[in-house]
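Residue strings, one per chain:
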Amino acid sequence: ELKVEQNPLFLSMQEGKNYTIYCNYSTTSDRLYWYRQDPGKSLESLFVLLSNGAVKQEGRLMASLDTKARLSTLHITAAVHDLSATYFCAARTHSGGGADGLTFGKGTHLIIQP
Amino acid sequence: DGGITQSPKYLFRKEGQNVTLSCEQNLNHDAMYWYRQDPGQGLRLIYYSQIVNDFQKGDIAEGYSVSREKKESFPLTVTSAQKNPTAFYLCASTGFGGTEAFFGQGTRLTVV
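Computed from a prediction, not measured in an experiment: that's the story for all the values here.

1. Topic: the overall build of chain B
When its secondary structure is counted, chain B shows 0 helices and 11 strands. Reading the helices (α) and strands (β) of chain B from amino to carboxyl end gives β-β-β-β-β-β-β-β-β-β-β. Against the compact-globule benchmark of 13 Å for 112 residues, chain B has a radius of gyration of 13 Å, which places it among compact chains. A principal-axis box enclosing the C-alpha atoms of chain B has dimensions of 40 × 25 × 25 Å.

2. Examining the interface of chain B and chain A
Counting from both sides, the interface comprises 24 residues of chain B and, opposite them, 22 residues of chain A. In total, chain B and chain A occlude about 1,800 Å² of area from one another, counting both sides; carbon and sulfur atoms represent 51% of this. Counting across the interface, chain B meets chain A through 0 salt bridges. In this assembly, chain B and chain A are joined by 4 residue pairs in polar contact (both at pLDDT 80 or more). The set of elements that each furnish at least two residues to the side of chain B that touches chain A consists of β4 (31-37), β5 (43-51), β9 (87-94) and β10 (101-103) of chain B. Across the side of chain B that touches chain A, the residue classes tally to 11 nonpolar, 11 polar and 2 charged.

3. A few points about the state of the cysteines
Overall, the coordinates contain 2 disulfides over all chains when judged by the stated rule. Paired through a disulfide, Cys23 of chain A and Cys89 of chain A show a sulfur-sulfur distance of 2.0 Å. On the sign convention where negative means left-handed, the S-S torsion of about 85 degrees between Cys23 of chain A and Cys89 of chain A marks this disulfide as right-handed. Taken as a pair, Cys23 of chain A in strand β3 (residues 19-25) and Cys89 of chain A in strand β9 (residues 85-92) lie far apart in primary sequence, 66 residues in all. Like Cys23 of chain A, the residue Cys89 of chain A is buried in the burial classification. Bridging Cys23 of chain B to Cys91 of chain B, the disulfide has an S-S length of 1.9 Å. Between Cys23 of chain B and Cys91 of chain B, the S-S dihedral sits near -75 degrees, and the bridge is therefore left-handed. Residue Cys23 of chain B is found in strand β3 (residues 19-25), and its partner Cys91 of chain B is found in strand β9; the two are separated by 68 residues along the sequence.

4. Regarding the pattern of salt bridges
Pairs can form between side chains of opposite charge whenever their charged atoms are close. The final tally for this structure, using the stated rule, is 4 salt bridges over all chains. Linking Asp38 of chain A and Arg36 of chain A is a salt bridge whose minimum nitrogen-to-oxygen distance equals 3.0 Å. On the accessibility criterion, Arg36 of chain A (14% relative accessible area) is buried. The salt bridge partner of Asp38 of chain B is Arg44 of chain B, with a shortest N-O separation of 2.8 Å. Asp38 of chain B sits in the buried class, given a relative accessible area of 13%. Each of Arg36, Asp38 and Arg44 of chain B takes part in one network of salt bridges that share partners.

5. What to know about the sheet that holds β3 of chain B
Residues and elements named next belong to chain B. Pairing within the open sheet is antiparallel, and its 4 strands lie in the order β1-β3-β8-β7. With partners counted over all chains shown, the strands left at the sheet margins are β1 (4-7) and β7 (64-66), one partner each. Taking the axes of each pair of neighbouring strands and ignoring which way they run, one obtains an average angle of 20 degrees across the sheet. Relative to β3, β1 runs antiparallel, the two sharing 4 bridges. Following the sheet pairing, Gln6 is matched in β3 by Cys23.

6. Some details on the pairing of strand β11 (residues 108-113) of chain A
All names here are of chain A. Covered by surrounding structure in β11 are Thr108, Leu110 and Ile112 only, the residues His109, Ile111 and Gln113 on the alternate face being uncovered. With 3 bridges joining them, β9 and β11 adopt antiparallel strand pairing. Counterpart to Ala85 in the pairing with β11 is Leu110.

What counts and how
Residues numbered from 1 in each chain as written. Chains lettered and ligands numbered in written order. Predicted model: local features only at pLDDT ≥ 70, side-chain atom pairs only at ≥ 80, totals over all residues. Heavy atoms only, no water. Helix = DSSP H or I, 4+ residues; strand = E, 2+ residues; numbered from the N terminus. Rg over C-alpha atoms; globule rule 2.2 N^0.38 Å. Contact = heavy atoms within 4.5 Å. Buried area = accessible area lost by both parts, 1.4 Å probe. Salt bridge = Lys/Arg side-chain N within 4 Å of Asp/Glu carboxyl O. Polar contact = N/O pair within 3.5 Å; in protein donor to acceptor, adjacent residues only side chain to side chain. Nonpolar A, V, L, I, M, F, W, Y, C, P; charged D, E, K, R; others polar. Disulfide = S-S within 2.5 Å. Buried < 20%, exposed > 50% of the residue type's maximum accessible area, 1.4 Å probe, protein only. Pairing = 2+ DSSP bridges. Axes fitted to C-alpha atoms, helices over the stretch in contact; angles between N-to-C directions.

Written out as structure tokens, the structure is:
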């Protein structure tokens, strides 16, 4: 059974600082997803990582994947208040045309203070 | 515009009632999913469907039922057997290969 663990679950940081959210998963996965959720809203797709060593960047967010370590990271550079949200990682175990569904971590609640 | 539409946005259920949540997508995606979100719990998979007329149970299927009569539609029924249905319900879909999963805007269900 695939398990996904994120840490930290809660993070309060100051604007301008850098920080990393970690996502570990327990079994081999061929897809790793990062999502953002604002309060009361649905999930917004941030990144999909498809292979070992994959790195994707969008603005102040950068995600990477190490399939050997079963670890993905979401790095925040020079944080700004607008990045305050809950961030989820999710992993998928099935490849090909079908899908088993995504297994989510519990989310990291990020608060960025001025 | 292509996307996933969930309705209603808010739903209230009385004790003992069955209620149905709608999920429609026009992305021509094969796979569709239902997730439940409770505070501090992340998302948990209820049911998923890879093709029309076929679906599988997820981790927390008890008290729920689904159908997949059309590719575009994957409604979820919360039955009276679900004893704690108050939650935020999210529908998602993925295309071939599952390179990206898109989510609807969610339905917030409350038992009154």
